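Topology and contacts: notes
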Amino acid sequence: MAVLIAGAAALWLLLAVVNWLLVHWWVLLVLALSAAGAGLAFLQQRRRRARWQDLQRQALRYEIAQIDGLHHRDFEYAVRDLMRRDGCADARQVGGAGDNGADVLATDPLGRKWVIQCKHRRNGAQGSPVGTPDLQRVNGTARQLYGAHVVLVVTNGRFSVRCAPLAQQLRMHLVDRRVLADWAAGSRPLWELLPKVPPPSRSTPLS
């Protein structure tokens, strides 16, 4: 009996609300307009925030001394941010345990997939050189696991003399201290500073 009474009361209340809204229909209109205005304001704010973030990325610059002072993990984030500045919207830092030799992954505006290994040296050019094992490590996974078109090792230091010929043989790219300084402090995308980075191919990986 109590259930029936409660159900009848609920039905009566519902009918009363509906009848009230039919008489005061303008209340629904006001609520709808308010909701639409709030949604529009939210979208405009989000667009303004996105534009501001784009402007910040476009203005991003690093002097080589700043890069030298970074922690090795922050160096990876700096490389990621520079790739984003160049138009790689999906650039992300993946370095850490189980990274399979990749520290930064990115896709450039031409559709090329980049796999980047970052080697930071606290003493810059005075630190130990990056050696061929570092190249072999990222080369062994970049194309097989990540489908890389461009395989890159970047350092704020220097490479050993054996790295350049090996990189050429493995179809890899090296960014040493000089190229890094030009890239980080300038406004040209990295692929304009590197030799032999061809347009993307749908059939075969690019070097």
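In this text the structure is predicted, and so the values were computed from the model without any measurement.

Another point: the pattern of salt bridges. Going through the model one piece at a time under the given rule, you end up with 8 salt bridges. Between Arg112 and Asp108 there is a salt bridge, and its shortest N-O distance comes to 2.6 Å. Take Arg112: its relative accessible area is 2%, and that puts it in the buried class.

Take the sheet that holds strand β3 (residues 113-119) next. In spatial order, the strands read β1-β2-β3-β4-β5; together these 5 strands make up an open sheet with mixed pairing. Of all the strands in the sheet, just β1 (92-93) and β5 (173-175) have a single pairing partner and so form its edges. Alignment of strand β2 (residues 104-107) against β3, held across 4 bridges, turns out to be antiparallel. What sits directly across from Leu105, in β3, is Val115. Helix-sheet contacts for helix α5 (residues 132-146) involve β2, β3, β4 (150-155) and β5, and the interaxial angle to β3 is about 155 degrees.

Turning to α5, a few remarks are in order. With 15 residues, α5 should reach 21 Å at 1.5 Å per residue; the first-to-last C-alpha distance of 21 Å fits that figure. Inspection of α5 places Thr132, Asp134, Leu135, Val138, Asn139, Thr141, Ala142 and Arg143 among the buried residues, and these make up the whole buried set. Directly after α5, the chain includes Gly147, whose backbone phi takes a positive value near 65 degrees.

What counts, and where the lines are drawn
- Residues numbered from 1 in each chain as written.
- Predicted model: local features only at pLDDT ≥ 70, side-chain atom pairs only at ≥ 80, totals over all residues.
- Heavy atoms only, no water.
- Salt bridge = Lys/Arg side-chain N within 4 Å of Asp/Glu carboxyl O.
- Buried < 20%, exposed > 50% of the residue type's maximum accessible area, 1.4 Å probe, protein only.
- Pairing = 2+ DSSP bridges.
- Helix = DSSP H or I, 4+ residues; strand = E, 2+ residues; numbered from the N terminus.
- Contact = heavy atoms within 4.5 Å.
- Axes fitted to C-alpha atoms, helices over the stretch in contact; angles between N-to-C directions.
- Expected span 1.5 Å × (residues − 1).

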